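Tertiary structure, described
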Amino acid sequence: MEIIPTTIIGQKEYPAISLLLPTHPAYPKFKIDRGHLQELVVEAERQVRARFSPNLSDKMMGKLSAIINDINYTQLSKGLAIYVSPHHAKVIHLPFEVTEKVVVDESFEVRDLIYAAQLNNEYLLAMITKNGVRTMFGFGENIIPVHYKDMPEGINDVINSHSLPGWDYLDTEAYDEKNIHNFLRFTDDVLEKELKGNGMKMIVIGDRKLLGYFKAQTKSADKIIGYVEGNYEHASNADLKRLIKPLFDLEQSKAEVKALTILNGAVNTGHFESGITAVWRAVEEGRGRMLLVEKDYRQVARFGDDGMSILLNHDILPSHYHLSDAVDDLIEKVMLMGGEIKFVQNGSLTDHQRIALITHY
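Residues numbered from 1 in each chain as written. Predicted model: local features only at pLDDT ≥ 70, side-chain atom pairs only at ≥ 80, totals over all residues. Heavy atoms only, no water.

**Considerations on the overall build of the protein**
Stated formally: Numbered from the N terminus, helices here are DSSP runs of H or I no shorter than four residues, and strands are runs of E no shorter than two. Burial classification: accessible surface area is computed with a 1.4 Å probe over protein chains only, and a residue below 20% of its type maximum counts as buried, one above 50% as exposed, and the rest as partly exposed. By definition in these notes, contact holds between two residues if any of their heavy atoms fall within 4.5 Å. Values of accessible area rely on a 1.4 Å probe in the Shrake-Rupley scheme; residue burial ignores everything except the protein chains shown.
Summing up its helical and strand segments, the protein has eight helices and 16 strands in all. Put simply, the protein has 361 residues, and 46% of those count as buried. Partitioning the intrachain contacts of the protein with sequence separation of at least 6 by distance along the chain shows that 67% fall at a separation of at least 24. As displayed, the protein has an accessible area near 18,400 Å², and 51% of this comes from carbon and sulfur atoms.

As structure tokens, then:
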């Protein structure tokens, strides 16, 4: 699922207007969203008219109003991102909440979207019971039923004459066990085929006995985020999201620990930079491999005279040399150069002035 179109990332145009706000898909709250969005438009207009000519301001506000008027407020999701520049206009409905923001700069504000997208990966949810397998596709707050044609409908679906232990000695317990294993093997085959090559992870829900058997024979162990024990055959989507949230929290924590471990290794070899000014120059030089940044770190700056550096000054006046958030610009630069972005908790990079870069050399 593409959250941020490539036409948005790294697009340099002046002015670039970014409006982000959390929204509510249910009636009647979307009426409140519509009214609040108009307040954000007023703030955007204030910023634009304070910095640009009347002709350009009129053009930009006309373009912003036109794209907002086309929004269907009865079909909102969890968040809304609106981007307008002289040559671009885009509305993106987001399946996750974002922080409210109005930014007028020389590039679009995408950091919050990238961070939220990293926390809302696609996954397959498989609920296994003796009565069948319930499969769902998940992304963030959305869980959508999905059906696979080869999936067995239940244990009875895999019973055949070969399952019988023999008429002379009918061991019903062994018979039942064999059918359970067959059922799980067929189920695992279908899930493995669906996961193959798409990079998607999976969560498996079921009672302790079934999960124990499944764990012992699955061919997709490396793609499984975790297991949830229990019978939740009739659970609602809201209940399922509460059940699996701790698994994703643990995954995120592991990813942060891994990134920080890689950074420590880079420090030992000298392949790193710390602090936003040093990191900025290294990225401009094409040395960026992985950028680590505390999730709430933002920094006002302005371009240096050499075109390769930035200067920090909290009293910088808005101008063509002004960066309202140099961190956001850095994130875009690293992504455009094929580097990785890793967000970590606030305070994790204190020794690196809140931002660090693992370099190629």
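**Notes on the sheet that holds strand β10 (residues 272-274)**
The test is simple: Here, strands pair whenever DSSP counts at least two bridges between them. Simply put, an axis is a line fit to the C-alpha atoms, just over the touching stretch for a helix, and the angle between two N-to-C directions goes from 0 to 180 degrees.
Pairing is mixed across the open sheet formed by four strands, whose spatial order is β10-β16-β11-β15. Single-partner strands in this sheet number two, and they are β10 and β15 (340-344). Within the sheet, the average angular offset between the axes of one strand and its neighbour, ignoring direction, is 15 degrees. Both strand β11 (residues 288-294) and β15 contribute to a ladder of five bridges, which runs parallel. Opposite Leu291, over in β15, you have Ile341 as the bridge partner.

**Describing helix α5 (residues 208-217)**
Quick reminder of the rule: As used here, the arc is the angular range of directions from the helix axis to the C-beta atoms. In protein, a polar contact requires one atom able to donate a hydrogen and another able to accept it; more generally it is a pair of N or O atoms within 3.5 Å, and residues adjacent in sequence count only if both atoms are side-chain atoms.
Among all positions of α5, only Leu210, Leu211 and Phe214 are buried. Mapping the buried residues of α5 onto a view down its axis gives an arc of 95 degrees, with all of them on the same face. Exposed residues pointing more than 90 degrees away from the buried face of α5 are listed as Arg208 and Ala216. A side-chain oxygen of the first residue of α5 lies 3.2 Å from the backbone nitrogen of Lys209; this N-cap is Asp207.

**Side note on unusual backbone geometry**
Across residues other than glycine, the phi torsion is negative in most instances, and most of the peptide bonds are trans. At Gln353, a position not held by glycine, the phi torsion is positive, near 60 degrees. Looking at where Gln353 falls in the secondary structure, it is placed in the loop between β15 and β16 (355-359). The phi torsion at Arg354 lies on the positive side, around 80 degrees, for a residue other than glycine. If you trace the backbone, Arg354 turns up in the loop between β15 and β16.

**What about the sheet that holds strand β14 (residues 322-323)?**
Read from one edge to the other, the open sheet built from three strands follows the order β13-β12-β14, with strand pairing classed as antiparallel. Edge positions in the open sheet fall to β13 (310-311) and β14, since each of these has one partner strand only. In the sheet, strand β12 (residues 301-303) pairs with β14 via two bridges, with the strands oriented antiparallel. Bridged to Arg302 within β14 is His322.

**Quick word on the pattern of salt bridges**
Selection criterion: By salt bridge we mean one thing: a side-chain nitrogen of Lys or Arg within 4 Å of a carboxyl oxygen of Asp or Glu.
Under the defined criterion, the tally for this structure stands at 19 salt bridges. Linking Asp222 and Lys223 is a salt bridge whose minimum nitrogen-to-oxygen distance equals 3.8 Å. Residue Asp222 is classed as exposed on the basis of its relative accessible area, which comes to 58%. We note a salt bridge from Asp306 to Arg281, for which the minimum N-O separation is 2.5 Å. Residue Asp306 is located in the loop between β12 and β13, and its partner Arg281 is located in helix α7 (residues 276-284); the two are separated by 25 residues in the primary sequence. Residue class for Arg281 comes out partly exposed when judged on its relative accessible area of 31%. Ionic contacts of the salt-bridge type, sharing partners, join the residues Glu45, Arg49 and Asp58 into one network.

**Digging into the pairing of strand β3 (residues 88-94)**
With seven bridges connecting them, strand β2 (residues 79-85) and β3 associate as antiparallel partners. Looking at β3, one finds that Ala81 is bridged to Ile92. With antiparallel pairing between neighbouring strands as the criterion, β2 and β3 make up a hairpin whose turn holds two residues.

**What about the side chain of Ser57?**
Residue position: Ser57 is located in helix α2 (residues 54-69). Exposure remark for Ser57: the relative accessible area of 0% places this residue in the buried category. Excluding residues within four positions of it along the chain, Ser57 makes contact with Val48, Arg49 and Phe52.

**Here's the deal with the packing of aromatic side chains**
Going by this rule: Two rings from Phe, Tyr or Trp (for Trp, the six-membered ring) form a pair when their centres sit within 6.5 Å of each other. Planes less than 30 degrees apart are called stacked, planes more than 60 degrees apart edge-to-face, and all others tilted.
Following the criterion strictly, the structure yields two aromatic pairs and no others. Pairing Tyr123 with Phe248 gives two aromatic rings, centres 4.9 Å apart and planes at 55 degrees, and the pair type is tilted. Separated by 125 residues along the polypeptide, Tyr123 in strand β5 (residues 122-129) and Phe248 in helix α6 (residues 237-269) bring together distant segments of the chain. In this structure Tyr123 comes out as buried when scored by relative accessible area, which is 2%.

**Digging into the confidence of the model for the protein**
So the rule is basically this: The predictor reports its confidence for every residue as pLDDT, a score running from 0 up to 100.
Per-residue confidence for the protein gives a mean pLDDT of 83; residues scoring 70 or more make up 86%. By mean pLDDT, the top-scoring element of the protein is β16 (97), and the lowest-scoring one is helix α3 (residues 111-119) (72).

**Structural notes on the side chain of Gln47**
As for its position among the elements, Gln47 is in helix α1 (residues 29-51). One polar contact links Gln47 to Glu43, side chain to side chain, over a distance of 2.9 Å. Those residues in contact with Gln47 that lie beyond four places of it in its chain are Val102, Val103 and Val104.

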